[in-house]
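This is what each chain is made of:
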Amino acid sequence: MALLDVVVTTVGGALSATVGVFVGGMLTRHAQDRHWLRDRQLMAYQDLLREYATFSMILRRAHLGRTGWDYDWGAWSAALMSASLVAPSVVAAEIDKFGQAVQRLLDVTTAVDTTTAPLSQDQFEQAMAAPARAQLALVNAMRRSVGQNQGPLSTWVGGANGRPPHWKTAQSGHDGAAGPQQA
């Protein structure tokens, strides 16, 4: 019986070690996959928001400076597709809402000649309000998707977004994108 106890103990130990290595490998692989996806999500989200900030600033400058403008819309399309490729369904739905708000902005801002009949700053701010709200909802969905500890933002930050009502335009020679100043 002593030999049987040794064999059972040895086989049991080897089997336990094998199962442990297998389960550990699966858990490690799963964690690596989650980290890889999170990293890709962050990159795609950053690209999308960067492209939005880029073309919205180009539009703002063109309207306020009465100049022409040009933008590579392929970069915007690629950023939208990349973000929706890795985004969870909740974020993808917010990307779609954001894209629709941006399209309405483009319908308004690109329908006029920026050199002869540009939108005023107030008109531009009004056109930017809906995309700014959609951007805030999107950013909050993105924050939740990459980390459960990320609290929601209550106001939008950066870009050429319309300013919240408590901000007023700085008289600094900038194109209206100055930081907050209490009214």
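Everything that follows concerns the structure shown earlier in this document.
Figured I'd write up the structure that's included with this text. Along each chain, residues carry numbers from 1 onward, in the same order as the chain's sequence is written. Per-residue local features of the predicted model are confined to residues with pLDDT of at least 70, and side-chain atom pairs are confined, for both listing and counting, to 80 or more; whole-chain, interface and lining totals are unaffected and use all residues. To get the side-chain values, take all heavy atoms of the structure and skip hydrogens and water.

### Examining the overall build of the protein
- Each helix and strand counted, the protein has 4 helices and 0 strands in total.
- Beginning at the N terminus, the succession of helices and strands in the protein can be written as α-α-α-α.
- By the burial criterion, 31% of the 183 residues in the protein qualify as buried.
- Long-range contacts, defined here as pairs at least 24 residues apart, represent 67% of the contacts in the protein between residues at least 6 apart.
- With residues, only the protein chains shown are counted as cover, and all accessible areas are computed by Shrake-Rupley using a 1.4 Å probe. For the protein, the computed accessible surface area is about 11,100 Å², with 60% contributed by carbon and sulfur atoms. Secondary structure elements follow DSSP: runs of H or I no shorter than four residues count as helices, runs of E no shorter than two count as strands, and numbering proceeds from the N terminus. Note on exposure labels: buried denotes an accessible area under 20% of the residue type's maximum, exposed denotes more than 50%, and partly exposed covers the range between, all computed with a 1.4 Å probe on protein chains only. Two residues form a contact once any of their heavy atoms are found within 4.5 Å.

### Concerning the nonpolar core
- Counting 28 residues, the largest nonpolar core has Leu48, Phe55, Trp76 and Val91 as the members making the most contacts within it.
- When residues of this core are traced back to their parent elements, those giving at least two are α1 (2-65), α2 (73-86), α3 (89-109) and α4 (121-146).
- Tallying contributions element by element places α4 first for this core, with 8 residues. Take the buried residues of types Ala, Val, Leu, Ile, Met, Phe, Trp, Tyr and Cys, join any two whose side-chain atoms come within 4.5 Å, and each joined set is a nonpolar core.

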